[in-house]
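Structure assessment
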Amino acid sequence: MGSLETGGISSKRDNNTLARSYSAGRTERHPFLYRPRSTFSRFLRFKKLDYIQWICTVAVFLFFVLLFQMFLPGSVVEKSELGSSPWRGMELNDKGLLYLKEIGGLDFGEDIKFQPSKMNFRKENREMNMSCSNRTLSRFPYRKPQLALVFADLLVDPYQLVMVTVATALQEIGYTIHVYSLGDGPAQSIWKRERFPVNIIQISHKMEIAVDWLNYDGILVNSLETKSVFSCFMQEPFKSVPLIWTINERTLATRSRQYTSSWQFELLNDWIKAFNRATVVVFPNHILPMMYSAFDTGNYHVIPASPAEIWETETKMALYNDEIHAKMDHEPNDIVIAIVGSQFLYRGLWLEHALVLKALLPVFAKFSSDNNSKSHLKIIVLSGDTTGNYSAAVEAIAVNLSYPRGTVKHFAVDDDVVSLLSAADLVIYGSFLEEQSFPEILVKAMSIGKPIITPDLSMIRKYVDDRVNGYLFPKENLKVLTQIVLQAISKGTPSPSAHNIASVGKNTAKNLMVLETVEGYATLLENVLELPSEVTPTKAVSEIPPKLKKEWCWHLFKAFMNTNHEDRTIKSSRYLKTVEEQWNRMKKESSSSLAATDDSFSYDIWEEERKIMTLNTRKRREEEEIKDRTDQPHGTWEDVYKSAKRADRSRNDLHERDEGELLRTGQPLCIYEPYFGEGTWSFLHLSSLYRGIGLSTKGRRPKTDDIDAPSRLPLLRNPYYRDALGEYGAFFAIANRIDRIHKNSWIGFQSWRATARKASLSRIAEKALVDAIESRKHGDSLYFWARMDMDPRNNLQSDFWSFCDALNAGNCRLAFSEALKRMYGIKHDLEVLPPMPEDGDTWSVMLSFALPTRSFLEFVMFSRMFVDALDSQMYGEHHRSGRCYLSIAKDKHCYSRVLELLINVWAYHSARQMVYVNPETGLMQEQHAVKSRRGKIWVKWFSYSSLKSMDEDLAEEADSDQPKRRWLWPSTGEVVWQGVFEKERNLRNHQKEKRRQQSKDKQQRMRKKRRQPVLGKYVKPPPEYTENSNSTVSSSESL
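In short, a report on the structure. (Residues numbered from 1 in each chain as written. Predicted model: local features only at pLDDT ≥ 70, side-chain atom pairs only at ≥ 80, totals over all residues. Heavy atoms only, no water.)

1. A word on the overall build of the protein
For clarity, the cut-off: Counting from the N terminus, the helices are DSSP H or I runs at least four residues long and the strands are E runs at least two residues long. For every residue, the accessible area (1.4 Å probe, protein chains only) is compared with the maximum for its type, and the residue is labelled buried under 20%, exposed over 50%, or partly exposed between those bounds. Shrake-Rupley sampling with a 1.4 Å probe provides the accessible areas, and residues are treated as covered by the protein chains on show and by no other component.
Along the protein, the regular secondary structure elements total 40 helices and 27 strands. Looking at the protein as a whole, 46% of its 1039 residues are labelled buried. Surface summary for the protein: the accessible area is close to 56800 Å², and the carbon and sulfur share equals 52%.

2. Thoughts on helix H32 (residues 800–807)
For clarity, the cut-off: The contact criterion used throughout is that any non-hydrogen atoms of two residues lie within 4.5 Å. Counted as a polar contact is a pair of N or O atoms within 3.5 Å, where, for protein atoms, one must be capable of donating a hydrogen and the other of accepting one, and residues adjacent in sequence contribute only when both atoms are in side chains.
Where burial is concerned, most of H32 is hidden: eight out of the eight residues are buried. Taken together, the buried positions of H32 are Phe800, Trp801, Ser802, Phe803, Cys804, Asp805, Ala806 and Leu807. Turning to H32, the residues buried within the fold contact helix H33 (812–824), helix H35 (896–899) and helix H36 (902–909). Capping the start of H32, Asp799 holds a side-chain oxygen 3.4 Å from the backbone nitrogen of Trp801, two or three residues further along. Downstream of H32 by a residue or two, Ala809 has a phi angle that is positive, lying close to 55 degrees.

3. With respect to the side chain of Ser431
Tracing the sequence through the fold places Ser431 in the loop between strand E15 (426–429) and helix H18 (440–448). Of note is the side chain of Ser431, whose polar atom sits 3.4 Å from the backbone nitrogen of Leu433. Here Ser431 is in contact with Val340, Gly341, Ser342, Tyr346, Leu349, Glu352, Pro455 and Leu457, once residues within four sequence places are set aside.

4. Some words on the sheet that holds strand E11 (residues 335–340)
Two modes of strand pairing occur in sheets, parallel and antiparallel, and in both the strands are linked by backbone hydrogen bonds. Rule in force here: Whether two strands pair comes down to DSSP finding at least two bridges between them. Axis definition: a line fitted to C-alpha atoms, over the contacting stretch in the case of helices. Angles run 0 to 180 degrees between N-to-C directions.
Pairing is parallel in the open sheet, where six strands are placed in the order E14-E13-E11-E15-E16-E17. Since the sheet does not close on itself, it has two edges, and those belong to strand E14 (408–411) and strand E17 (471–473), each with one partner. If you compare each strand with its neighbour and ignore which way they point, the axes differ by 20 degrees on average. Pairing of E11 with E15 involves four bridges; the strand directions are parallel. Considered in E15, the bridge of Val340 is made with Tyr429. Across the sheet, helix H16 (residues 390–400) lies against strand E13 (377–382) and E14, angled at about 165 degrees from E14, the strand it touches most. On top of the sheet, H18 reaches E11, E15 and strand E16 (452–455); it is set at about 155 degrees to E16, its chief contact.

5. Observations concerning H33
Under the convention used in this document: Here the expected span of a helix is defined as 1.5 Å times the quantity of residues minus one.
Given a rise of 1.5 Å per residue, 13 residues ought to cover 18 Å, and the 18 Å separating the end C-alpha atoms of H33 matches this to within 8%. Residues of H33 that are buried: Cys812, Ala815, Phe816, Ser817, Ala819, Leu820, Lys821 and Met823. Lining the buried residues of H33 we find H32, helix H34 (853–881), H35, H36 and helix H38 (944–961). Among the residues trailing H33, Gly825 stands out with phi positive, at a value near 70 degrees.

6. Section: the pattern of salt bridges
For clarity, the cut-off: What counts as a salt bridge is simple: a side-chain nitrogen of Lys or Arg found within 4 Å of a carboxyl oxygen of Asp or Glu.
Scanning the model with the defined rule gives 27 salt bridges in all. With a closest N to O distance of 3.5 Å, Arg757 and Asp791 form a salt bridge. One end of the pair, Arg757, is in the loop between helix H30 (752–756) and helix H31 (763–774); the other, Asp791, is in the loop between strand E24 (781–784) and H32, with 34 residues separating them in the sequence. The partner of Arg793 in a salt bridge is Glu900, and the shortest N-O contact between them spans 2.8 Å. On the criterion of sequence distance, the pair formed by Arg793 in the loop between E24 and H32 and Glu900 in the loop between H35 and H36 is long-range, its members being 107 residues apart. Comparing Arg793 with Glu900 shows no difference in burial state: the two are buried.

7. What about the packing of aromatic side chains?
The condition is simple: Ring pairs are drawn from Phe, Tyr and Trp, using the six-membered ring of Trp, whenever the two centres fall within 6.5 Å, and their geometry is named by plane angle: stacked under 30 degrees, edge-to-face over 60, tilted for the rest.
Following the criterion strictly, the structure yields 49 aromatic pairs and no others. Between Phe731 and Phe849, the ring centres sit 5.7 Å apart and the planes meet at 70 degrees, which makes this aromatic pair edge-to-face. With Phe731 in helix H29 (residues 729–735) and Phe849 in strand E25 (residues 849–852), this pair connects stretches of sequence that are 118 residues apart. For Phe849, a relative accessible area of 0% translates into the label buried.

8. Some thoughts on the nonpolar core
Selection rule: Buried Ala, Val, Leu, Ile, Met, Phe, Trp, Tyr and Cys residues form a nonpolar core when they are joined through side-chain atoms within 4.5 Å.
Within the largest apolar cluster, 92 residues are counted, with the highest numbers of intra-cluster contacts made by Phe816, Phe856, Phe866 and Tyr895. At 12 residues, H34 tops the list of elements feeding residues into this core. If sequence neighbours within four positions are ignored, Phe816 has contacts with Trp801, Cys804, Val832, Leu833, Phe866, Val898, Leu902 and Val905. In this structure, Tyr216, Leu243, Ala278 and Leu478 belong to the second largest nonpolar core, which totals 85 residues.

9. Details of the state of the cysteines
One covalent bond between the sulfur atoms of two cysteine residues makes up a disulfide. Short version of the rule: Here, a disulfide means two cysteine sulfur atoms that sit within 2.5 Å of each other.
Evaluation of the coordinates by the stated rule reveals two disulfides. The disulfide partner of Cys804 is Cys812, and the S-S distance across this bridge is 1.8 Å. Given an S-S torsion of about 70 degrees, the disulfide between Cys804 and Cys812 has right-handed geometry. Residue classification places Cys804 among the buried residues on the basis of a relative accessible area of 0%. For Cys884, the disulfide goes to Cys894, at an S-S distance of 2.1 Å. Sign of the S-S torsion, about 120 degrees for the bond between Cys884 and Cys894, identifies this disulfide as right-handed.

10. Things to note about the pairing of strand E4 (residues 146–151)
Condition: With the strands aimed away from the viewer, a crossover counts as right-handed if its path from the first strand over the helix to the second runs clockwise.
E4 sits mainly inside the fold: six of its six residues count as buried. In E4, alternate side chains face the same way, and those of Gln146, Ala148 and Val150 on one face and Leu147, Leu149 and Phe151 on the other are all buried. The sheet contact formed by E4 and strand E5 (residues 176–181) spans six bridges and is parallel. Within E5, the position partnered with Leu147 by the bridge is Ile177. In this fold, E4 hands off to helix H6 (residues 158–172), which returns the chain to E5; that crossover is right-handed. Note that E4 and strand E7 (residues 218–222) share four bridges and pair parallel. Its bridge partner lying in E7, Val150 is registered against Val221.

11. Things to note about a negative patch on the surface
Quick note on the threshold: Put simply, a patch holds well-exposed residues, over 30% relative accessible area, that have no salt bridge, with like charges counted together within 9 Å and Val, Leu, Ile, Met, Phe, Trp or Tyr side chains within 5 Å. In summary, the charge assignment counts Lys and Arg as positive and Asp and Glu as negative, without counting His or the chain termini. Positions of charges follow a simple convention, taking NZ of Lys, CZ of Arg, CG of Asp or CD of Glu.
Residues Glu838, Asp839, Asp841 and Glu926 make up a contiguous surface patch of negative charge. Along the chain, Glu926 turns up in strand E27 (residues 924–927). Look at Glu926 and you get partly exposed, because its relative accessible area is 33%.

12. Concerning the sheet that holds strand E23 (residues 746–749)
Taken together, eight strands build an open sheet; the order of strands is E22-E21-E20-E23-E25-E24-E26-E27 and the sheet is mixed. Lying at the two open borders of the sheet, with one neighbouring strand each, are strand E22 (707–708) and E27. Taken together, the four bridges between E24 and strand E26 (residues 913–917) define a ladder with parallel strand orientation. Its bridge partner lying in E26, Leu782 is registered against Met914. On the sheet, H34 packs against E23 and E25 and is oriented at approximately 105 degrees with respect to E25.

13. Points about the packing of helix H9 (residues 251–261) against helix H10 (residues 265–277)
Two elements in contact, H9 and H10, have axes separated by 8 Å at closest approach and are oriented at 140 degrees. Contact residues: Leu252, Ser256, Tyr259 and Thr260 in H9; Phe265, Leu267, Leu268, Trp271 and Phe275 in H10.

14. Structural notes on unusual backbone geometry
Following Glu236, the chain continues to Pro237 via a peptide bond in cis, the omega torsion being 5 degrees. Secondary-structure assignment places Pro237 in the loop between helix H8 (230–233) and strand E8 (243–246). The phi torsion at Arg737 lies on the positive side, around 55 degrees, for a residue other than glycine. Arg737 sits in the partly exposed class, given a relative accessible area of 37%. Unusually for a residue other than glycine, Arg776 sits at a positive phi of about 55 degrees. Residue placement: Arg776 occurs in the loop between H31 and E24.

15. Quick word on the environment of Asp296
As for its placement among the helices and strands, Asp296 is situated in the loop between helix H11 (288–291) and strand E10 (300–302). Classification of Asp296 by relative accessible area gives partly exposed; the value is 35%. Each C-alpha atom of the pair Asp296 and Ile272 lies 7.8 Å from the other, and the pair is 24 residues apart in sequence. Of the polar contacts made by the side chain of Asp296, one reaches the backbone nitrogen of Gly298; its length is 2.8 Å.

Rendered as structure tokens:
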């Protein structure tokens, strides 16, 4: 250490010395660990080569070795090992798949797998007896789960076949399904025959769709052409509805490259938004998700389905005849063996085809040696693409294997595959690649009725039984393939056993993958949907009848199989072209309008400036002319301030009113329609009797006098309470300083969902309601027109509390009881539940009612205290985890279902008359007559005096104590009590006294102000002096 400190020895020598000493020490301590150095290592050591030089030498050596290997003839570089992607260098045998070349490649023996990036279905515990906050959650089977199937049209195609089969199975396990379509077609009769209601969606000129998608627990959308409906699904309040989008077309995947190359990123992003809106995007095979990788948002899922291939072959086979042999230069007696392969043209495929051709040499030799046979063996290879040079490679392989010219031919799958397969007598699957989907080309071959010979791959073994509906051979032993071909061909023709196997295979292909498709959709829905507590749980997937999982519903489409229908690929391509043209047109119009706007804007500014300058000049001239002609009395600054304030007040009083506001002025009633999001606009009324109230500033209707609820009640700016309260938040927003916006003696509310369910007031009912109010027919009463016994959620016609329990996971009674005990300060554990008798009458639902404005304020007074008590017991867990004991699944609208029925409890127990108004005819019928309530209602609990005293106590606490705990009540409306008025009066008196004192101080300062003495006085000169001076001036001028 001393030498290191003094620096007497170099670091390099010191390191060598330390190394020698360490080695010597180790040898002395452990002689058995010592190994004599080799000659090469002693050379490196004695030559003292630097380690960096040694590493560089090795790197250069390896580089030249790699470069030499790359240019070796016939060598194959494993590029897949050099790249991180398993798809480098891959080619595909379909024009729609060609662009996947750029993603990567596969070599011989590698596997192709699609693995979803984020799809991880974890089925939550949705059993009937769950627990939340030590509360038992129950399910009430009041209605079946509802699904909506949305199509672009109802033309007959294989995708309609799949969905009819799936819908029939889903209906069997408990789903209710409604069919929606943007266009009509022959398939409508098929759906109606199976008793599925069909609705043709009418899209208005404003692209509005009048469908309440909240009625459905899930939506299944089919094809790319349904994207025009997505504008509705991406708006509130329909964003939260589970959406499953099934895509069968490849057209968008191929066009996505054009969007990127032509810089149409906005159009590409628009499609990505649609993919992102879907809860799950379903594909019928594992190749489509890889094609749509540009749109992948982590929600891809594969449910295999195969009727499209069978549909294609059956419709095309009727067009073919024996002329196909002549077109292929084959004699009618020739035996044709077709070698097919994977859709992926990977680098090892040519080797696999070469091995298959080599295995067929003994078969060719047997045909050549048989002089009695008039048939010849012909081999066609189906793979590759027309743009590649695979045909030359196949010919070179055939020549090297000693096949005569013309025996082996290559056809690209871009050609008509069905016609080529129909000309073959035997089909051999020559790919050893493990894939996740059953090869489509084998499905087509089997559906045509051709015997197939395939390697025993796991996916193929799942559907093909050896010597039952096809032949299997081990991919490690190609001699078995030779034996199978010799057995399948007998005396120059396919053997009888081959015919039988082909016949069985044809029946197998016709109903291939029905089980996987039906169970796949049923399982997906089971994992995705979160059913409310009033919905009956569906049966298990295993309980689907076996007959529905064995066959597609071919019998329903048999009459349409021979009719000519437009190909779905052509139709989707035309739709995408229309979308692109509309997008480009909108882009051009926006750019041109922007330029025109800029020009007109600058011209308008110049014109306005010129007019202002002209007016100012004219005004200045007029003022100069009359300046000396008029008296100009000067007033004090206090007079100026008063006149300015008077002008401001007059200006505010004479503000311009909206037309709807003017029409509502003389009406006794105004009905408010709460809404949230653009998806509800088509259900709102535009007449003067109605006025909208938007629960969100962002989603308000333009060019209307709708009320902005968040600006009137800041609590609604909090998304948690906006969602938890739902439409009930509009009550608090209207009641907060109601005299500023509502001038009518009666007030009403109507949910937009009542309009969607056709339960809103008709013109006749509106007139009848207004006439009853003006004539005071029922006095202080509650009119309602959405009744509980006709609600779709109450098919069992349950009583009030049972219906409320069904909507709230069996805990409605508990929530009411706990809230009332907190409101009234009851300490004991007894159940405090107001009785709601079952007397044959009905109750109000969906927050659609009308009542006097004064009674409405009394109801809001009660509601504010009830909501505060409800929030105090649920906020903690619901805000933290999204769960509350009023819902089985996570639900952001926790309070809304209890509050929907609260108006009935208040009206019944406050002795209000309850009148039902028929929304169609306007006929009125009293419900729960007041005389029949004697001895049943809790008058003291719901009287105005009791509620007012409780409200004042809460206001005094909020105003005086100002508690620091989280408290909802002060945020739901005004805080008013007697002390507030006294404070305001004292404040006004204080301000008045302050102004008076300031005035006195000002006058006192003015009196005591010191006056500055006059410095001098001007004396007017005498007239004589003026005349003399004038004469002097005149004489000087004359000189």
